[in-house]
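One letter stands for each residue in the lines below.
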Amino acid sequence: MRILLTGKNGQVGWELNRSLSTLGTIFALGRDQIDLAKPETLGSVIQEIKPNIIINAAAYTAVDKAESEPELAMTVNGIAPGVIAEEAKKIGAGMIHYSTDYVFDGKATSPYKEEDAPCPLNIYGKSKLAGDQAVMQANIPHIILRTAWVYSLRGSNFLLTMQKLAQSKNQIKVVDDQIGSPTWSRAIAEGTARILEHCRSTGKSKIFSHSGVFNMSCGGETSWFGFAKKILELSGENTELIPIPTIEYPTPTARPESSLLSNRKLKQVFHHEMPHWQDALLECLNSGHKARNALP
Ligand SMILES: NC(=O)c1ccc[n+]([C@@H]2O[C@H](COP(=O)([O-])OP(=O)(O)OC[C@H]3O[C@@H](n4cnc5c(N)ncnc54)[C@H](OP(=O)(O)O)[C@@H]3O)[C@@H](O)[C@H]2O)c1
């Protein structure tokens with residue numbers, strides 16, 4: 001299996017490069033090799049590699065900045081995935097693409113299901129929704145994995161921000177009225193590998209016979225405050241945390257109140273259960289200790 005992976009240096013892309021290594025030959029590309037801001041250049045890269053599967057982990061993820069760069073966000077998140085899907089169609093390739101809880105308005109009182117009507121609150125959410133729709137419309141074998149609250153030990157994310165703040169502050173105020181399931185990027189990569197293995201084991205002709213959208217976030221739920229509390233506890237920090245409502249932490253763009261996604265379809269179709277967010281967080285932090293201890 002020839003796998004073309006975009007966004008190799010991102011939180012999810014970096015873990016995918018690691019988790020998928022036994023499944024085939026991976027062509028992992030960064031922005032300098034495949035630039036989604038230039039959709040007209042994507043075809044030649046894809047046609048040269050001729051992959052069986054394209055995994056698009058690249059995205060414009062700066063949620064607040066997207067409000068002032070709507071065209072760039074829409075090109076990278078909304079247009080480029082559709083171009084990639086059309087190029088995949090020419091060579092009979094399948095596509096795995098990542099989506100977000102931000103396609104929803106967050107007003108639901110129970111975890112979002114795949115078929116719930118999207119209603120994005122901001123440019124980032126609108127651009128990601130446009131990308132999902134473009135991939136679906138290309139009518140190729142595809143799997144769109146919707147996730148939320150992604151963190152890892154690299155890049156910029158809530159886990160690293162809290163650890164950094166704890167080093168310099170005695171007190172941190174954290175929003176307590178937005179809920180979700182913090183999701184380790186490695187859990188997403190391992191879930192993706194599991195889907196590919198499942199497709200492979202059911203026969204080549206059935207690859208992606210389950211085309212469509214699947215939610216994929218860690219299990220359980222908490223608020224940003226609850227997530228911060230667990231991070232500091234597991235990191236051995238005793239900085240004081242103060243819960244605050246969203247209204248006291250204004251950002252340039254609105255965010256969903258509830259980012260909870262139901263993983264039921266993922267479990268039913270691919271028999272894959274995502275880890276509980278607390279277990280994944282512990283494992284993530286332990287992986288960092290192990291990596292540090294392994295240094296000469
Ligand atoms: N982060 C979250 O909380 C979250 C939540 C829900 C869904 N998602 C989705 O999950 C997927 C993976 O996100 P992530 O957390 O891994 O994001 P990330 O860490 O920000 O990584 C995104 C990657 O995309 C690359 N990229 C940005 N613009 C590009 C361009 N024009 N051409 C090529 N590559 C470009 C970046 O390259 P550079 O390294 O060069 O900057 C980076 O490697 C995305 O589809 C995202 O929308 C993320």
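Preceding block: the structure.
About the criteria used
- Residues numbered from 1 in each chain as written.
- Predicted model: local features only at pLDDT ≥ 70, side-chain atom pairs only at ≥ 80, totals over all residues.
- Heavy atoms only, no water.
- Helix = DSSP H or I, 4+ residues; strand = E, 2+ residues; numbered from the N terminus.
- Rg over C-alpha atoms; globule rule 2.2 N^0.38 Å.
- Buried < 20%, exposed > 50% of the residue type's maximum accessible area, 1.4 Å probe, protein only.
- Contact = heavy atoms within 4.5 Å.
- Areas by Shrake-Rupley, 256 points an atom, 1.4 Å probe, with all protein chains shown as cover.
- Lys, Arg positive; Asp, Glu negative; His and termini not counted.
- Charge placed at Lys NZ, Arg CZ, Asp CG, Glu CD.
- Polar contact = N/O pair within 3.5 Å; in protein donor to acceptor, adjacent residues only side chain to side chain.
- Salt bridge = Lys/Arg side-chain N within 4 Å of Asp/Glu carboxyl O.
- Near = heavy atom within 4 Å.
- Right-handed = clockwise from strand over helix to strand, strands pointing away.
- Pairing = 2+ DSSP bridges.
- Axes fitted to C-alpha atoms, helices over the stretch in contact; angles between N-to-C directions.
- Phe/Tyr/Trp six-rings, centres within 6.5 Å; stacked < 30°, edge-to-face > 60°.

Draft legend 1. Examining the overall build of the protein more closely. The helix and strand tally for the protein stands at 9 helices and 12 strands. Relative to the 2.2 N^0.38 estimate, which gives 19 Å for 296 residues, the radius of gyration of the protein is 19 Å and therefore close to what a compact globule would have. Taken along the three principal axes of its C-alpha coordinates, the protein extends 55 × 45 × 40 Å. Counting over 296 residues, the protein shows a buried share of 52%. For the protein, the proportion of contacts with a sequence separation of at least 24, taken over those separated by at least 6, is 80%. Looking at the protein as shown, the accessible area adds up to about 13900 Å², and 50% of this sits on carbon and sulfur atoms. Within the protein, one finds 31 positive and 30 negative side-chain charges whose respective centroids are separated by 6 Å.

Draft legend 2. Spotlight on the environment of Tyr98. Considering the arrangement of structural elements, one finds Tyr98 in strand β4 (residues 94-100). The contact partners of Tyr98, leaving out residues within four places of it in the chain, are Val12, Leu16, Ile55, Asn56, Ala57, Lys128, Leu145, Ile188 and Thr192. A polar side-chain atom of Tyr98 sits 2.8 Å from a polar atom in the side chain of Thr192.

Draft legend 3. Region of interest: the pattern of salt bridges. Tallied over the entire structure, the rule returns 8 salt bridges. The salt bridge partner of Asp35 is Lys38, with a shortest N-O separation of 3.8 Å. We note a salt bridge from Glu273 to Lys267, for which the minimum N-O separation is 3.5 Å. Overlapping salt bridges, with partners in common, bring together Glu15, Arg18 and Arg186 in one network.

Draft legend 4. Quick look at the site of the ligand. As a structural note, the neighbourhood of the ligand is formed by 25 residues, with Arg31, Leu36, Thr61, Tyr124 and Lys128 the closest of them. Within the contact set of the ligand, an oxygen atom lies 2.9 Å away from a backbone nitrogen or oxygen of Val12. Side-chain polar atom of Lys128 to an oxygen atom of the ligand: 2.7 Å apart, as the coordinates give it. Protein chains bury 82% of the 890 Å² of accessible surface belonging to the ligand in isolation. Taken together, the elements giving at least two residues each to the shell around the ligand come down to α1 (11-19), β4 and α4 (123-137).

Draft legend 5. Layout of the pairing of strand β5 (residues 142-147). Across the 6 residues of β5, 6 count as buried, placing the element largely inside the fold. Read as a crossover between parallel neighbours, the route from β4 over α4 to β5 is right-handed.

Draft legend 6. Geometry of the sheet that holds β5. Strand order in the open sheet made by the 6 strands is β2-β1-β3-β4-β5-β10, with parallel pairing throughout. The sheet is open, and its two edges are formed by β2 (25-29) and β10 (212-215), each paired on a single side. Direction aside, the axes of adjacent strands within the sheet are offset by 20° on average.

Draft legend 7. Representation of the packing of aromatic side chains. Per the counting criterion, the structure on display carries 9 aromatic pairs. Measuring from centroid to centroid gives 6.3 Å for Trp224 and Phe227, while their planes differ by 40°, and the two rings are tilted. One end of the pair, Trp224, and the other, Phe227, are both in helix α7 (residues 224-235), 3 residues apart, so they sit about a helical turn from each other. Overall, Trp224 belongs to the buried group, its relative accessible area being 16%.

Interpretation note: all reported values are geometric properties and have no functional meaning in isolation.
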